[in-house]
Amino acid sequence: MSTLLEMKQITKRFPGVLANDKVDLTLNEGQVLALVGENGAGKSTLIKMLSGSYTPDGGEIFVEGKQMTTFTPANSESMGVAVIHQELNSILQLSIAENIFVGNLPRKHGFIDYKTLYAESLRIQRIVGLGHLHPSLKALNMTVAERQLLELAKVVSKNAKIIVMDEPTATLNTAETEALFKIIKNLQAEGKGIIYISHKLDEIFAVCDTVMIMRDGKKVQETKVADITRDEIVTGMVGRHIEDMYPVHERPIGEVALEVKGLRTKLLKDVSFNVRKGEILGLYGLIGSGSDEALRALFGADPYEAGEFFVDGEPVKITKPYEAMAAGLAYIPSERKSEGLFLQMDIAYNTSIASLEKMSKKGVLNLKKEAEITTEWVKTLRTATPSIETKADSLSGGNQQKVVLAKWLNTDAKIILLHEPTRGIDVGAKVEIYNLMEKFCEDGYAVIMVSSDMPEVLSISDRVVTFYEGRITGEFTGSEINMDNLLRYAIGGEV
């Protein structure tokens, strides 16, 4: 088994921060190496040097024995390195085929050979699970999960030797994740080396053979997956032992806070459900099942053809987000960077933007009051930040999620809609988010959560409603909330 990658004593400094401190990493043919650590541990910085986005301040990188001396993305790619980033990089106005082969489109007589392009695209699409889509479909019209698989298709088309996958299942449900694992096994059998970055520890045990743990910019441990436990990985990552990964307990459930009747869209078929005060209601289904669409329609983010909404038993009109807000609803989106935050603005701006009337008089924003309110939310949610003037894009994923929560909680909403609440955040931050969710419920909030993370749905939900092809197929409480039931009814089972 030959060595594909050697990173020796890699060091990277930023003003006031030692991001990587003499880190060593080795990757062999056919190896799937899990790279784990909390946000801020140094994983992303290390990968950005491998991908050519950053230049190391110290150390050496060798790909198949050849030293990397030029640090640009183009040079890294030419040496056989490909990175599937957590942030999707699809060109939305281009088709699937054009995205896969951008920069290398087949030509005939000086024109793009679409027959060949579509045939090759379809071949690769089938490999990654996109064979059901026509190659001419624009990326703009794909779901987030499909665009995640499109990123993998680009890598497969380039025949890279070293593949970095950064949170590759963040937008995938259980079935799609299993399909991805099969693709990884095939790539592994072809001798590819894969660096797998994930906060989902179950995936590490399912698909990786080695795990490397980072903390505070250093490599703290590397071992075979078979020789380490989940708790030992968590302890290595956070430097402390997390006794309970899902700290949500039974609590009193109150009256119905929100009821949805006969919700119908092009996909949804007469969907009806409710959520009670103090309850966490999980909506679970495969991509395209309708669970995502129900949440967005409920907040007025997507149009619907029919449906009635009741808050505390009273009918309310919800066709636009501002009407949902007026009815006491808050929506924390799955894509916090593109839908939840103004990344180039500071924490204070992001916290106040949805509730400016609370800190304004005659249309003039009271900056002192904005600062006071933001500071209080930073303390309440334990947001790790140097100051409230820090820009959102410099925060870790978990702390960005807390800023989104602060923005909506400051509107005095009492019904919280959470779409993938812990996507792409580390273990410690997940536990904090779960603690917050339980506190919401103890304070009388009602929570509706859509999540593709099966352990999360099983462990956090008081009640689960399953979706399939736009309709509700099951409703489960207590011991009925188990993997067999959820998967069975999410693929078409009936109550």
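Before reading on, note that the structure itself is shown above.
Here goes a summary of the coordinates provided. Sequence order as written defines residue numbering, which begins from 1 separately in each chain. Predicted model: local features are reported for residues with pLDDT of at least 70 only, side-chain atom pairs are reported and counted for 80 or more only, and whole-chain, interface and lining totals are derived from all residues. No hydrogens and no water enter the side-chain calculation; it runs on all heavy atoms of the structure.

**Structural notes on the overall build of the protein**
Reasoning step 1: Counting its secondary structure elements, the protein contains 17 helices and 24 strands.
Reasoning step 2: Computation of the radius of gyration draws on C-alpha atoms, with the globule rule given as 2.2 Å multiplied by the number of residues to the power 0.38. For 495 residues, the compact-globule estimate of 2.2 N^0.38 gives 23 Å, and the C-alpha radius of gyration of the protein, at 23 Å, lies within 12% of that figure.
Reasoning step 3: Once the C-alpha set of the protein is aligned to its principal axes, its extents read approximately 70 × 55 × 50 Å.
Reasoning step 4: Areas reported as accessible are Shrake-Rupley estimates using a 1.4 Å probe. Residue values count occlusion only from the protein chains shown. Total accessible area on the protein stands at roughly 21,900 Å², and carbon and sulfur atoms take up 50% of it.
Reasoning step 5: By the counting rule applied here, Lys and Arg register as positive and Asp and Glu as negative, while His and the ends of each chain are not counted. Each charge is placed at NZ for Lys, CZ for Arg, CG for Asp and CD for Glu. Across the protein, the 56 positively charged side chains and the 67 negatively charged ones have centroids separated by 5 Å. For the purposes of this entry, the term helix denotes a DSSP run of H or I that reaches at least four residues, the term strand denotes a run of E that reaches at least two, and both are numbered from the N terminus.

**Structural notes on the nonpolar core**
Reasoning step 1: We call a set of buried Ala, Val, Leu, Ile, Met, Phe, Trp, Tyr and Cys residues a nonpolar core when their side-chain atoms join them within 4.5 Å. Working definition: with a 1.4 Å probe on protein chains only, accessible area under 20% of the residue-type maximum means buried, over 50% means exposed, and in between means partly exposed. Counting residues in each nonpolar core, the largest one holds 124 residues, and the members touching the most others are Leu-329 and Ile-448.
Reasoning step 2: If one sorts the elements of this core by residue count, helix H15 (residues 427-442) sits on top with 9 residues.
Reasoning step 3: Here Leu-329 is in contact with Leu-298, Phe-299, Val-311, Ile-318, Ala-324, Ala-413, Ile-415 and Leu-417, once residues within four sequence places are set aside.
Reasoning step 4: Among the nonpolar cores identified, the runner-up in size contains 27 residues, and Ile-10, Ala-41, Ile-61 and Met-212 belong to it. Any two residues whose heavy atoms approach within 4.5 Å at even a single point are treated as in contact.

**Quick notes on the pairing of strand S12 (residues 218-224)**
Reasoning step 1: Bridge analysis of strand S11 (residues 210-215) against S12 gives 6 bridges, and the strand direction is antiparallel. Its bridge partner lying in S12, Met-212 is registered against Glu-222. DSSP-based pairing: two strands are paired if at least 2 bridges between them are found.

**Description of the packing of helix H4 (residues 114-128) against helix H5 (residues 144-158)**
Reasoning step 1: Interhelical geometry of H4 versus H5 gives an angle of 120° and a closest axis separation of 9 Å. As summarised for this structure, H4 and H5 are arranged oblique, according to the angle between their axes. The way H4 lies across H5 gives a crossing that is right-handed. Residues Ile-124, Ile-127 and Val-128 of H4 form the contact with H5, whose participating residues are Leu-149, Leu-152, Ala-153, Val-156 and Ser-157.
Reasoning step 2: Per-class residue counts for the contact of H4 with H5 are 7 nonpolar, 1 polar and no charged. Where helices are involved, their axes are fitted lines through C-alpha atoms of the stretch in contact, as for all axes, and angles between N-to-C directions lie from 0 to 180°. Orientation labels follow simple angle bins: below 35 degrees gives roughly parallel, above 145 gives roughly antiparallel, 65 to 115 gives roughly perpendicular, and whatever is left gives oblique. Left-handed is the label given to a crossing in which the near helix is rotated counterclockwise from the far helix by less than a right angle, and right-handed is the label when the rotation is clockwise. Side-chain classes follow a simple rule in which Ala, Val, Leu, Ile, Met, Phe, Trp, Tyr, Cys and Pro form the nonpolar group, Asp, Glu, Lys and Arg form the charged group, and the remainder, Gly included, forms the polar group.

**As for the sheet that holds strand S3 (residues 32-36)**
Reasoning step 1: What the 6 strands build is an open sheet, ordered S6-S9-S10-S3-S11-S12; its pairing is mixed. Taken across any chain shown, the strands that pair with only one partner, and hence form the sheet edges, are strand S6 (81-84) and S12. Strand-to-strand twist in this sheet, taken as the mean axis angle between neighbours without regard to direction, amounts to 20°.
Reasoning step 2: Relative to strand S10 (residues 193-197), S3 runs parallel, the two sharing 4 bridges.

**A short note on unusual backbone geometry**
Reasoning step 1: Positive phi outside glycine occurs at Asn-159, with the angle close to 55°.
Reasoning step 2: Its location among the elements puts Asn-159 in the loop between H5 and strand S9 (162-166).
Reasoning step 3: The exposure class of Asn-159 is exposed, given its relative accessible area of 54%.
Reasoning step 4: The backbone of Asp-270 sits at a positive phi, close to 50°, despite the residue not being glycine.

**Notes on the pattern of salt bridges**
Reasoning step 1: Here, a salt bridge means any side-chain nitrogen of Lys or Arg that lies within 4 Å of a carboxyl oxygen of Asp or Glu. Taken as a whole and judged by the stated rule, the model has 21 salt bridges.
Reasoning step 2: As a salt-bridge pair, Asp-57 and Lys-12 come within 4.0 Å of each other at their nearest N and O atoms. With Asp-57 in the loop between helix H1 (43-50) and strand S4 (58-63) and Lys-12 in strand S1 (residues 3-14), the pair connects residues that are 45 residues apart, well separated along the chain.
Reasoning step 3: Given the relative accessible area of 11%, Lys-12 is considered buried.
Reasoning step 4: In this structure, Asp-443 and Lys-439 form a salt bridge, with 2.9 Å as the shortest nitrogen-oxygen distance.
Reasoning step 5: Residue Asp-443 is classed as partly exposed on the basis of its relative accessible area, which comes to 42%.
Reasoning step 6: The exposure class assigned to Lys-439 is partly exposed, which follows from its relative accessible area of 42%.
Reasoning step 7: Shared partners join several salt bridges into a network, and the residues in it are Arg-264, Asp-270 and Glu-305.

**Quick word on helix H9 (residues 291-298)**
Reasoning step 1: All of the buried residues along H9 are Ser-291, Ala-294, Leu-295, Ala-297 and Leu-298. On an axial view of H9, the arc spanned by its buried residues comes to 165°, and they lie on one face.
Reasoning step 2: Among the residues trailing H9, Gly-300 stands out with phi positive, at a value near 80°. Each C-beta atom gives one direction from the helix axis, and the arc is the one those directions make.

**Regarding the pairing of strand S18 (residues 329-332)**
The side chains of a regular strand alternate, residue by residue, between the two faces of the sheet.
Reasoning step 1: Side-chain alternation along S18 places Leu-329 and Tyr-331 on one buried face and Ala-330 and Ile-332 on a second face that is also buried.
Reasoning step 2: Of the pairings in the sheet, the one linking S18 to strand S21 (residues 415-419) comprises 4 bridges and is parallel in character. Across the sheet, Leu-329 pairs through a bridge with Ile-415, a residue of S21.

**Let's talk about the sheet that holds strand S13 (residues 256-264)**
Reasoning step 1: Read from one edge of the open sheet, 4 strands run S14-S13-S16-S17, paired in antiparallel fashion. At either end of the open sheet lies a strand with only one pairing partner, and these are strand S14 (271-276) and strand S17 (314-316). Neighbour to neighbour, the strand axes of the sheet diverge by 20° on average, direction disregarded.
Reasoning step 2: Bridge count between S13 and S14: 5 bridges; the pairing is antiparallel. Among the inter-strand pairings, Val-260 is bridged to a residue of S14, identified as Phe-273.
Reasoning step 3: Running over the sheet, H9 touches S13, S14 and strand S16 (306-311) and is turned about 110° from S13.

**Concerning the side chain of Asp-453**
Reasoning step 1: Within the fold, Asp-453 resides in the loop between strand S22 (446-450) and helix H16 (454-460).
Reasoning step 2: Setting aside anything within four residues of it in sequence, one finds Asp-453 in contact with Lys-200 and Lys-430.

**Quick word on the packing of helix H14 (residues 397-409) against H15**
Reasoning step 1: As a packed pair, H14 and H15 sit with axes 10 Å apart at the nearest point and diverge in direction by 20°. Taken together, H14 and H15 sit at an angle that is classed as roughly parallel. When the axes of H14 and H15 are compared, the crossing they make is left-handed. When H14 is examined against H15, the residues Gly-398, Gln-401, Lys-402, Leu-405 and Leu-409 are found in contact with a partner set consisting of Ala-429, Glu-432, Ile-433, Leu-436 and Phe-440.
Reasoning step 2: Across the contact of H14 with H15, the residue classes tally to 6 nonpolar, 2 polar and 2 charged.

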